[in-house]
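# Structural features, examined
Spelled out, the chains give:
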Amino acid sequence: MIEKAFFLYFAFAAVAVSIITVTRRNVMHAVLCMLLLFFHLAGLYLLLNAEFLAAVQIIIYAGAIMVLFLFVIMLLNLREDVKKVQYGRLWFVGVIVVCGILLAMAGAYVFMVPGQRSDWTIGRIVAETHTAAIGQVLYTRYMFPFEVVSLILLVAVIGAIVLAKRQLK
Amino acid sequence: MVPLNWYIWLSAILFCTGMFGFITRRNLIIMLLSVEIMFNGVNVSLAAFSHYLQDAAGQVLVFIVIAVAAAEAAIGLALVILLFRHHETIMIDEINEMKG
Amino acid sequence: MTLDHHLLGISPQLWDIGVIVIKIAVVVGAVMGHVAYATYFERKVIARMQMRMGPMEVGPYGILQPIADGIKSFFKEDIIPTNADKPIFFMAPIISLMAALTTLAVVPFFDGFVVSNVNVGLLFILAMSSLGAYGLILAGWASNSKYAFLGALRSSAQVISYEVPLGLSLVGVMIMAGSMNLTDIVHAQQKFPGGIYLVPQLIGFFVFVVSAMAETNRTPFDLPEAETELIAGVFVEYSGMRYALFFMAEYTSMIIMSSIAVLCFLGGWTLPAFVLKVLPFLGYVPGLVWFALKLYACIFFYYWIRATLPRYRYDQLMAIGWKVLIPLSLANIVLTGFISVWMP
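As a starting point, this report considers the structure included with it. (Residues numbered from 1 in each chain as written. Chains lettered and ligands numbered in written order. Predicted model: local features only at pLDDT ≥ 70, side-chain atom pairs only at ≥ 80, totals over all residues. Heavy atoms only, no water.)

On the side of chain A, 86 residues touch chain B, which itself brings 71 residues to the contact. Where chain B abuts chain A, roughly 7,100 Å² becomes buried across the two surfaces, and 78% of that area is made up of carbon and sulfur atoms. A per-residue breakdown of the area chain B buries against chain A is headed by Arg-25, Gln-54 and Phe-63 of chain B, which together make up 10% of the total. Counting every contact that joins chain B to chain A gives six residue pairs in polar contact (both at pLDDT 80 or more). (Contact = heavy atoms within 4.5 Å. Buried area = accessible area lost by both parts, 1.4 Å probe. Polar contact = N/O pair within 3.5 Å; in protein donor to acceptor, adjacent residues only side chain to side chain.)

Looking now at the interface of chain A and chain C. Listed as interface residues are 23 residues of chain A and, on the opposing side, 22 residues of chain C. Summed over both sides, the interface of chain A with chain C buries roughly 2,100 Å², with 78% coming from carbon and sulfur. Linking chain A with chain C are zero salt bridges. At the junction of chain A and chain C, the tally comes to two residue pairs in polar contact (both at pLDDT 80 or more). Looking at the side of chain A that touches chain C, the element that brings in the most residues is helix H3 (residues 51-75) of chain A, giving 14 residues. By residue class, the composition of the side of chain A that touches chain C is 16 nonpolar, five polar and two charged. (Salt bridge = Lys/Arg side-chain N within 4 Å of Asp/Glu carboxyl O. Helix = DSSP H or I, 4+ residues; strand = E, 2+ residues; numbered from the N terminus. Nonpolar A, V, L, I, M, F, W, Y, C, P; charged D, E, K, R; others polar.)

Moving on: the nonpolar core. Ranked by internal contacts, the top residues of the largest apolar core, which has 158 residues, are Met-66 and Phe-69 of chain A together with Tyr-7 of chain B. At 17 residues, the largest contribution of residues to this core is made by H3 of chain A. In this structure, Trp-120 and Ile-125 of chain A together with Ala-57 and Val-60 of chain B belong to the second largest nonpolar core, which totals twelve residues. (Core = buried A, V, L, I, M, F, W, Y, C linked by side-chain atoms within 4.5 Å. Buried < 20%, exposed > 50% of the residue type's maximum accessible area, 1.4 Å probe, protein only.)

Another aspect to go through is the pattern of salt bridges. Side chains that differ in sign of charge can pair as their charged atoms come close. All names here are of chain C. In this structure the tally under the stated criterion is three salt bridges over all chains. Note that Arg-306 and Glu-42 form a salt bridge whose closest N and O atoms lie 2.6 Å from each other. Here Arg-306 is found in helix H12 (residues 287-308), whereas its partner Glu-42 is found in helix H2 (residues 12-49), with 264 residues between them in sequence. Residue Glu-42 is classed as buried on the basis of its relative accessible area, which comes to 2%.

What follows is the structure, given as structure tokens:
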């Protein structure tokens, strides 16, 4: 019961905050609303017994990615862009597309067949602590995707430096 | 116990909100934020399925998505800085040099 | 929870909530008292190091100075710039202080005394310390002033750079203890033959100390506020109580960084086993005393550094972070990993 109440709060707040984020004129306010969204999602992960995930959500999203956004917003002087037209001319097409996708998702949900249950029960995760459980799966079965992700991050680091540098001598 | 379909609906709505922002807004930074909202919508459903199917693989996928989101944000913001240096704006309607 | 709750006729859930509320009140009260007197001791210690007297007017040896300062800042005029982004301007100091105070929830002060004994305690502290930076960044942006803006830019770059070595320097400790729960880390140190992780994790400790100084914006790295070049940087437009909130947040985060150093590297509330073998009567001293003594030593170290070192230049700050601290902490992780695999 109390779990449902928490879920409803987190879910409604997350949706409200994300709608505010995409409709703000002022980019800074949008980023702050986004920050609230990350906190509510971290709360949802705690409800799902994923404590490590919740901590990583806040450290990486709130602590790193959003600070990067803030840094770029402050670096560019965007005070004139606030007064300009915010939506494209064909915005109603966007609304139609989004409604269509939501309908398609609802249709897909009707035909959804849940997969096989695996052996990571809550009791086992709590006994081994969530961090250890994730680590075991990540570094055994998903070792190759993990290495690929590290390569992607390396490419992103090099790419960001090359792009943002004024000129290479 | 919260039913699984509540999480799926939340995930779908978040994804659609992000997509609405990405399609309609003309501000590049807001568009990048919308992509992040879409990522987060997907993450919610991955974590929820992982919990209800008792399979840790879903949460591993969430980590991979977060890492890719970080890479995407870094590259995207570098491009935004580059565009701003050339055009003095980040509204994509005004960046139209390729128009004949 | 030693008292039997059935005796008092209270339901167990209500009893737990009551215990937690009392714990929170005790922790916040104690830390706020320490914050007030940390400012007094900072002025006294630095004054002694510079052959001055420090505050002497209010009370004997100026002992009531923090109270006078508090009353003064409470009644000062609260000035808000006309073109400030008002909601963010009001929120910024509160975000700073909240982020610092929330962290106290996972810090164990002696065996068993912790508000919330979470498994990812260390990660929680890192998450909250990265949030504290939002206070500074938003304050600088919302003030709509050139100096504050420069301070905010510096602050955000500094936080992104020093968050990384701060986290990486603690990974060695996590590998050795096999846990991220702060209580478990202290217990693991008790079982470790050396008693404290300072000796095997010397590189990690060095990196941690330097990046903790940068995270809390203390003097060799206080570029966001730099009085002499940015006339207080992000705090330029803040006055009265709002400025005092920032001040409290800075000192609280100083206490938190010191307590992480104590818990992860200096053995927390315990003494090494070989010391207890030589001087067994020390075992009767309560753990809180050892914790407090180690904490005060760390805070004294902060003041000592402030009185000794001049401020770094901005490019030097970045160079230290990326070219020295991050490679060092990575090397420390590799070394600790190899040793713990081959010599368990």
